[in-house]
Amino acid sequence: MPVRMKQVCVAIILGLLAGTVHSHADDKETAAAVTDEDGKYFDKDGTPTFNIKEDGTVDWYTYSGYRRFNSECHVCHGADGAGSTFAPALVNSLKTMSYADFLSTVAEGRKNLSAGKESVMPAFGENKNVYCYLDDIYVYLRARAVGDLPRGRPAKKEDKPEAAREQEASCMGG
Ligand code: HEC
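What this report covers is the structure whose coordinates are included nearby.

Cut-offs applied
- Here the residue numbers are simple positions, counted from 1 along each chain's written sequence.
- The predicted nature of this model means local features are confined to residues of pLDDT at least 70 and side-chain atom pairs, given and counted, to a pLDDT of 80 or more, with totals for whole chains, interfaces and linings taken over all residues.
- Heavy atoms throughout the structure, all of them, feed into the side-chain values; hydrogens and water do not.
- To qualify as a helix, a DSSP run of H or I must reach at least 4 residues; to qualify as a strand, a run of E must reach at least 2; elements of each kind are numbered from the N terminus.
- Multiplying 1.5 Å by the helix residue count minus one yields the expected span of that helix.
- Burial classes follow relative accessibility: with a 1.4 Å probe on protein chains only, a residue under 20% of its type's maximum area counts as buried, one over 50% as exposed, and anything between as partly exposed.
- Note on contacts: a residue pair qualifies if any of its non-hydrogen atoms lie within 4.5 Å across the two residues.
- Whenever a nitrogen or oxygen atom comes within 3.5 Å of another N or O atom, the pair is scored as a polar contact, on the condition that within protein one atom can donate a hydrogen and the other can accept it, and that pairs from neighbouring residues in sequence are kept only if both atoms are in side chains.
- The donor set comprises N, O and S atoms within 2.8 Å of the metal, extended to 3.2 Å for Na, K and Ca; water molecules are omitted, so apparent gaps in a site may simply reflect that omission.
- Cysteine sulfur atoms are paired as a disulfide whenever they fall within 2.5 Å.
- Pairing of aromatic rings covers Phe, Tyr and the six-membered ring of Trp, with a centre-to-centre limit of 6.5 Å; geometry is then stacked below 30 degrees between planes, edge-to-face above 60, and tilted otherwise.
- Put simply, a charge is over a ring when the Lys NZ or the Arg CZ is close to the ring centre, within 6 Å, and near the line of the ring normal, within 35 degrees.

1. Considerations on helix α2 (residues 60-72)
Stage number 1. In this model, α2 (13 residues) spans 18 Å end to end at C-alpha, consistent with the 18 Å of a helix rising 1.5 Å per residue.
Stage number 2. The buried count for α2 comes to 10 of 13 residues, which makes it a mostly enclosed element.
Stage number 3. Here α2 has its buried residues at Trp 60, Tyr 61, Thr 62, Tyr 63, Ser 64, Gly 65, Tyr 66, Arg 68, Phe 69 and Asn 70.
Stage number 4. If you follow the buried residues of α2, they end up packed against β2 (40-42), α3 (74-77), α4 (90-93), α6 (128-131), α7 (134-146) and α8 (162-173).
Stage number 5. For α2, the capping residue at the N-terminal end is Asp 59, with a side-chain oxygen 3.1 Å from the backbone nitrogen of Tyr 61.

What follows is the structure, given as C-alpha cells:
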C-alpha cells in the first residue's frame, strides 16, 4: 500500500475511534430521574430529564415541551417528533445526541448543502418562544426517544412549579 494511502487509512481509523469515544447513547437507565428540584428532574449526570409516573402523569416540563415542540418545531420535524421528508425524526436523534449538542444545534441552526440537496435547520438563539423553553423541549423529546411517552398530548401532568413561573417571567421579560 502506498504511504499516502496508509496515512489516509490511519486518519480514518483515528477519526472512527474518536467518534466512538465521543458517542453518546441514551436509554431509560441513563435518562432515569434521580433528583427533583421543585418539579424539575435531573439524571445522575445532572442533565435535565423527564419523569413519568406509573399512571402516566408527566412532569410539568415534559408537558410544556410537548406544547412548545408542537408549535415551533413540528412543521418541519413532524408532529410529536416523528420526522418528515425533509427534517429528521428527533425521536431517533435524541437516542444518541447529547444535551450539549442539542442545545447548540437549536441555538445556532445547521445547514447541510451536500449532495445537491438543501437541508436547513434554522437558528433559534434569538427566539424567546424557543430558548426560554429549551430544557422543556429537550426533556419532552428525551421522553419520546427513550421514555415510552406516547404520541399526542400527555393526558395527565404535574402542576406548574413556582420555579417555572419565575424562570418564564424573567426569560420572556428580559
Ligand atoms: C424550517 C424547518 C425546521 C424547523 C422549524 C426546525 N427544524 Fe430542526 N432541523 C431541520 C432540518 C432540515 C434539519 C437537518 C439539518 C441537517 O441536515 O443537518 C434539522 C435538524 C435538527 C436537529 C439535529 C438532528 C440530528 O439528527 O442531527 C435538532 C436537534 C433539531 N433540528 C431540533 C429542532 C427543534 C427543537 C426545533 C424547534 C424549536 C426545530 N428543530 C425546528 C429543520 C427544521
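2. Section: the environment of Ser 84
Stage number 1. By secondary structure assignment, the location of Ser 84 is in the loop between α3 and α4.
Stage number 2. Here Ser 84 falls in the partly exposed class, since its relative accessible area comes to 30%.
Stage number 3. For the pair formed by Ser 84 and His 74, sequence separation is 10 residues and the distance between their alpha carbons is 9.1 Å.
Stage number 4. Aside from chain neighbours lying at most four places away, what touches Ser 84 is Cys 76 and His 77.

3. Here we look at the coordination of the iron atom of the ligand
Stage number 1. Donor atoms from the polypeptide that coordinate the iron atom of the ligand comprise His 77 (NE2) and Met 121 (SD), at 1.9 to 2.0 Å from the metal.
Stage number 2. With relative accessibility at 9%, the residue His 77 sits in the buried group.

4. Comments concerning the state of the cysteines
Stage number 1. Scanning the model with the defined rule gives one disulfide in all.
Stage number 2. Note on cysteine connectivity: Cys 132 is disulfide-linked to Cys 171, with sulfurs 2.0 Å apart. What sets the handedness of the Cys 132 and Cys 171 disulfide is the S-S torsion sign, and at about -90 degrees it is left-handed. Note that Cys 132 is positioned in the loop between α6 and α7 and Cys 171 in helix α8, a separation of 39 residues in sequence.

5. Description of the packing of aromatic side chains
Stage number 1. Tallied over the entire structure, the rule returns six aromatic pairs.
Stage number 2. Ring geometry for Phe 69 versus Tyr 140: centroids 6.0 Å apart, planes at 40 degrees, classification tilted. Note that Phe 69 is positioned in helix α2 and Tyr 140 in helix α7, a separation of 71 residues in sequence. Take Phe 69 and Tyr 140: they sit in the same class, and that class is buried.
Stage number 3. Ring pairs connect the aromatic residues Trp 60, Tyr 63, Tyr 66, Phe 69 and Tyr 140, which therefore count as one cluster.
Stage number 4. The ring of Tyr 133 carries Arg 68 above its face, with NZ or CZ at 3.7 Å from the centroid.

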